Amino acid sequence: VLTKVNSASSLKKIKDTLNKINPEAPIVESVHQALGFYNINHPDELLPLNYLDGKRAGLFSGIADPDSFTDLITGTGVKIGLDLRFGDHHNYSEEDLSGITAKFKKENLGIILTTEKDAARISETKLKLFKGYQVLVLRISLKIIKNEEQFFNRLLSLYSF
């Protein structure tokens, strides 16, 4: 399953290499699709994608491909005031979170956006450091755009009912 094929510059080369390794293996293409935002304290209350249209916000993320997060946010109409990036799987300390809020305060940014992966790594006790900010999380899903039926048929073939 190839992800983020909409931003892969060498998709053909990747597919050609995979076909050389195993020409029988199905190649499934997918993209990350933004679904909406939710308040970090209320993950069950999804806000529409246009909720922040035209508003300025600060971003922070600790993921392998922060450009993809930034691109998804930009696609919702958000104006990015500051984009703070940490290493993949970053374990946020209180010092990190205090630094993030200080930088956003300096830029007069009251809205903070992050990824679900990052939100999951912030403990409830550390959330107090975001007091006075609207902290929203971008919910995404993986959308298969090519060979979906082949993918699910392959999965079903692995199970005996």
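Quick note: structure is the one above.
Residues numbered from 1 in each chain as written. Predicted model: local features only at pLDDT ≥ 70, side-chain atom pairs only at ≥ 80, totals over all residues. Heavy atoms only, no water.

A.B. asks: Please provide a residue-by-residue account of the nonpolar core, values included.
C.D. replies: F60, I100, I122 and F130 are the most contacted members of the largest nonpolar core, which totals 16 residues. Within the residue set of this core, elements represented by two or more residues are α3 (94-106) and β5 (134-146). The biggest single contributor to this core is α3, with three residues. With near-sequence residues (within four places) excluded, F60 lies in contact with F69, L84, F86, Y92, I100, I112, L113, T114, T115, D118, I122 and F130. Membership of the second largest hydrophobic core comes to 14 residues, among which are F37, F69, I73 and L113. (Core = buried A, V, L, I, M, F, W, Y, C linked by side-chain atoms within 4.5 Å. Buried < 20%, exposed > 50% of the residue type's maximum accessible area, 1.4 Å probe, protein only. Helix = DSSP H or I, 4+ residues; strand = E, 2+ residues; numbered from the N terminus. Contact = heavy atoms within 4.5 Å.)

A.B. asks: Describe the layout of surface pockets, with residues and values.
C.D. replies: Considering only enclosed or pocket space, the largest pocket measures out at about 230 Å³ in volume. Lining the largest pocket are 13 residues, and of these H32, I63, F69, T115 and I140 sit closest to its centre. Among the elements of the structure, α2 (66-74), α4 (116-119) and β5 are those that each provide at least two residues to the lining of the largest pocket. If one sorts the elements of the lining of the largest pocket by residue count, α2 sits on top with three residues. The computed volume of the second largest pocket comes to approximately 150 Å³. Every residue along the wall of the second largest pocket is listed here: K4, N6, S7, H32, D65, D67, S68, D71 and L72. Of the residues assigned to the lining of the second largest pocket, the class counts are one nonpolar, four polar and four charged. (1 Å grid on protein atoms, 1.4 Å probe; cavity = no way out; pocket = protein on both sides within 12 Å on 5 of 7 lines; lining within 4 Å. Points joined across faces, edges and corners; volume = space filled by probe spheres on them. Nonpolar A, V, L, I, M, F, W, Y, C, P; charged D, E, K, R; others polar.)

A.B. asks: Break down the side chain of S68 for me, citing the residues and quoting the values.
C.D. replies: Its location among the elements puts S68 in helix α2. A polar contact of 3.4 Å, which involves the side chain of S68, links it to the side chain of K4. (Polar contact = N/O pair within 3.5 Å; in protein donor to acceptor, adjacent residues only side chain to side chain.)

A.B. asks: Any details on unusual backbone geometry? Residues and values, ideally.
C.D. replies: Positive phi values are uncommon outside glycine, yet K4 reaches one of about 55 degrees. Looking at where K4 falls in the secondary structure, it is placed in the segment before α1 (11-21). Here N147, not a glycine, exhibits a phi torsion of approximately 70 degrees, which is positive. By secondary structure assignment, the location of N147 is in the loop between β5 and α5 (148-157). Given a relative accessible area of 30%, N147 falls into the partly exposed group.

From the geometry alone we can't say anything about function, so treat these as descriptive.
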